[in-house]
Structures are given as C-alpha cells and as structure tokens.
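Each chain is listed here by its residues.
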Amino acid sequence: MLGFLSNPFDTTQTPHSGYHWDHSSRRFFEGWYYRVTLPDEDQSFAFMYSIEDPIGGKSHSGGAAQILGPNDEYLCRTFPEVKNFWAKPDVLALGHWGQTNLEGRRGQRESEVPMKNLTPSPSPCQGEGCPIGRGEVTFNSEGKKEESFFHKLLSQTVPDTQPCYLEPEEFERYIQQGYQATATLNQGIISDPSTGQYCRWQYEIQPVYGWGNQRSIQQSTAGWLSFLQIFEPGWQILMAHGLASGWIDWNGKRYEFTNAPAYGEKNWGGAFPQKWFWANCNSFSDTPDLALTAGGGRRGVLWWMESVAMIGIHYQGKFYEFVPWNSQVSWNIQPWGKWQMQAQNSHYEVELTGTTDLPGTLLRAPTENGLIFCCRDTLQGQLNIELREKKNNQQEIILKAHSSACGLEIGGGPWNDAWQSH
C-alpha cells in the first residue's frame, strides 16, 4: 500500500532544492549552507551564500559569501550586484560573480562549444521523473563521479558575460571573485581586500543522505505545509550527509581531502527569524554512518509567532524524525556554551547535549535590517547523543555516540537567559 512512497530512481534531491524567489518586489532572502569536515585535520569549513531583495534597487539588495574556517576563523565577501547572481528554480544550482576576466570569452560562438557539452549521455529514462534531468549525479563502478546531463545542460553554451554555471576549469580561469554550487559541486574564490586574506575551494560531493529514508521519497524539513508558505522563514536540509573530495586553499594552506563528511541546508522567505538555535554533526569517529541535525526557533505562522524545534537523525539507512507533529520535543539552550535537547514519540527517544568552551565566532545573517552580525557559531563543539527504541515497556539503546566536530549556533535574541521549552 505504501509503494507510492518509494523512490525508483534512488535520488537524494529534497523538496525545496530550487530557488524560491517569485520575481516579486516583496522583501525576500534566500541562503545556502555547505559544510565539509576534515577529521584528520580536526577542522571544518562552512560556506554560507545569501541573496537579499534580488529584484534590485532596494536598500538591502545584494549577496554575500561567508566562510567559517579553521579554528573558527572568519572571512566574508559581499556582492552588491544582484544581476550577477544566478540560481535554478527546479534544482540546487546557484552562483554569484564578483570580479571576472571574461573579455577573452567574448566573440566565441555557440558552435565553438565542445560537442561533449551539447550531447546528452544515453539515459534509460526521460521526462520529469528522470533523476538525470533533475540534477542527480551517477557514479561508475569505481565510485568516481560521471558528468551528469544536468551539468552539461547548465554549461552547454559559452556565455558572453551573463552569469551562469561554468565548467570548473573555466570558472577557475575566468572568475576572480565569486562562487558556484550545486548538489555535487562547491567552488569559489573570495578575498578581503583590506587584509589580503583569501580562500579558494573546489570539491565534488557524493550525496549519501538527503532528508528521509534511503531509497524513499525525500521529505520537506518543515512538513508539507511549507509548500504553502505558511511558515516563514522556510528551512530545508538539502543533504544530511555526503562525501566530499577536493581541496580548499585557506590563506596559502592547502587542505586536500577524499570522502570527507559533507552537509548542506538552506532557508528562505520574506520574514526573518527572531531567535533560533542549531546543532549539526555528521563526523563521528566510531560511528561513521551517522548524521544529526537539530534546531529550533521562533518563526512566523500566518499572523502569529510560535516556538518549535526538531531533531533529525540518519543512521544505517534509516531516518529518525522528531518533529512537533509526531513527537514531544523539549530544549534548554544557554546563551552560549550548552545545548540540551530531548525528544520522544511512540517508538523512539533521543537525547543530545552539545557543549563548547570556545568563544565562538560572530556571523552575519539576513535580517529586516539587512545582512548583519546576529549569530554566534563554532564548528568545534562537543556532542553526545543517545538514541533509544521503546520495546515492551523497556528501552533498547540503538546508538550512543560522541564527536568533537559539532556545529553549534545561537542567533537572534534576546539571549539574556537560558531558553527553555514550556
């Protein structure tokens, strides 16, 4: 009876992967978050991309790329020109160009584009249901990524100076400041002219978990009502866990990695969160096939505000979801330093504690007053998590894990006292 929930193409693409702006002039923002954890280095990188009021001509119109790097160091570059931002409405694909060197590309005709970029690979499926047409990536028998028809379509013509997806080699050649990101690629270069600090990065991603059980239709993080724009802002975990391979050059130190834990999420809307907290980790030394994302906040629901929280766990191919409509979720979040959450439903219970002695780093986030410092993060938090199953009036431990690479965040405010659920 539940066959309609199966996913015949084994895609990890989630709902809300595409760009949400409807080309209206209402206040709007959209933000994307890519993270890669390097266990051997005991470090993480988080790449945060955002666009505000993309119609242009407004006081807060513009975009930015922020990076939280080794030892929670911070780098930011703004991109005021909204016309140099691009994103796809049906798949995860976006980018923003700052400085470019595209003069050499002018005059190149479409007929000069290599034929490999114009000819789709043979595909066993066609139409809207085909994952190849939706940006999925295939892997050969050796586990190496094969170029998808999606990426070929994105780069099938050589642009004049119109922002669009570029082949990674072309991006590196022509883009001097900017980024581009898809479900399987994160690439860019930004620098701070005042300090000379910079970051260059390029890595490919093999998705493992989206947001839901493997080989099942992936779920909306905020539930089906999120399609109706009842909740603002929207929130979607794009990839709870993936494997990243490539390199990051952070101020001259080059980090190279293969199959490093990777993560992605996004948010969007015309309203902005008043206060929130967040925890994320998919790098556990003794439990490699485990990914956790938890968070909560005060969000707008039509004309009122509500405080909600959720915990999502992917482990051994199964998705454990604790959300307000199927579980009791409680929390006790200190202004900084300690995050405690518990949740239970008829079948499972989960308890997690995140802690840090580090001061954290202030990050910018879209607000009613534009992109300003309003949240504090660390990517080096301590995390303890325990998941239990209820059986015959007893509890059986499914997993018990620890990590020292947990992302922890508080945002908005006020944070004068601990925030406890009621």
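Think of each chain on its own: its residues are numbered from 1, step by step along the sequence as written. Restriction of local features to residues with pLDDT of at least 70 applies here, the model being predicted, together with a cutoff of 80 or more for giving and counting side-chain atom pairs; totals for whole chains, interfaces and linings are based on all residues. Hydrogens are left out, water is left out, and the side-chain values use all remaining heavy atoms of the structure.

Asker: Before we go on, may I ask you to explain the environment of Thr182 in this structure?
Answerer: What counts as a helix is a DSSP run of H or I of at least four residues, what counts as a strand is a run of E of at least two, and both are numbered from the N terminus. In this fold, Thr182 is placed in strand E9 (residues 178-182). Spatially, the C-alpha atom of Thr182 lies 9.2 Å from that of Tyr165, the residues being 17 residues apart in sequence. There is a polar contact of 3.1 Å between the side chain of Thr182 and the backbone nitrogen of Thr184. Pairs of N or O atoms are called polar contacts if they sit within 3.5 Å, as long as, within protein, a hydrogen donor faces a hydrogen acceptor (for residues adjacent in sequence, only side-chain-to-side-chain pairs).

Asker: Would you mind going over unusual backbone geometry with me for this structure?
Answerer: Apart from glycine, the bulk of residues carry a negative phi angle, and the bulk of peptide bonds sit in the trans form. Cis geometry marks the peptide bond from Gly413 to Pro414, where omega comes out at 5 degrees. Unlike most non-glycine residues, Asn251 shows phi in positive territory, near 55 degrees. For every residue, the accessible area obtained with a 1.4 Å probe (protein chains only) is divided by the maximum for its type, and the residue is called buried under 20%, exposed over 50%, and partly exposed between those limits. A relative accessible area of 32% places Asn251 in the partly exposed class.

Asker: Help me understand the pairing of strand E6 (residues 93-97) in this model?
Answerer: Side chains on a regular strand alternate between the two faces of the sheet. By the criterion of burial, E6 is predominantly enclosed, with five of the five residues buried. Where burial is concerned, the two faces of E6 agree: the one with Ala93, Gly95 and Trp97 and the one with Leu94 and His96 are both buried. Here three bridges tie strand E5 (residues 85-87) to E6, and the two strands are oriented antiparallel to one another. Paired with Trp86 across the two strands is Gly95, which belongs to E6. Counted along the chain from E5 to the antiparallel partner E6, the turn is five residues long. Strand pairing requires that DSSP identify at least two bridges connecting the strands.

Asker: How should the packing of aromatic side chains be read in this particular structure?
Answerer: Geometrically, a pair of aromatic rings is defined through the distance of the ring centres and the angle of the planes. Two rings belonging to Phe, Tyr or Trp (six-membered ring only in the last case) form a pair when the distance between their centres is within 6.5 Å. Interplanar angles under 30 degrees mark stacking, angles over 60 mark edge-to-face geometry, and anything in between is tilted. This model, assessed by the stated rule, comprises 23 aromatic pairs. Counting every residue linked through ring pairs, the aromatic cluster contains Phe45, Phe47, Trp201, Tyr203, Trp250, Tyr255 and Phe257. Whether a charge sits over a ring comes down to the Lys NZ or Arg CZ being within 6 Å of the ring centre and within 35 degrees of the ring normal. A cation over an aromatic ring shows up here: Lys266 above the ring of Trp268, its NZ or CZ 5.6 Å from the ring centre. One Lys or Arg, Lys275, reaches over the ring of Trp415 and ends 4.6 Å from the middle of that ring.

Asker: Whenever I open this one, the sheet that holds E9 confuses me. Can you help?
Answerer: Adjacent strands of a sheet form backbone hydrogen bonds with each other and so pair up, either parallel or antiparallel. Spatially, E4-E3-E2-E1-E14-E13-E11-E10-E9-E6-E5 is the arrangement adopted by the eleven strands of the open sheet, whose pairing is antiparallel. On the outer flanks of this sheet lie strand E4 (74-79) and E5, each paired with one strand and no other. Across this sheet, the average inter-strand angle for adjacent strands is 20 degrees, counted without regard to direction. Looking at chain direction, E9 and strand E10 (residues 185-191) are connected through four bridges and run antiparallel. Within E10, the residue paired with Ala181 across the bridge is Asn186. Angular values range over 0 to 180 degrees, each being the angle between N-to-C directions of two axes fitted as lines to C-alpha atoms, with helices fitted over their stretch in contact.

Function cannot be read off these values alone, since they describe shape.
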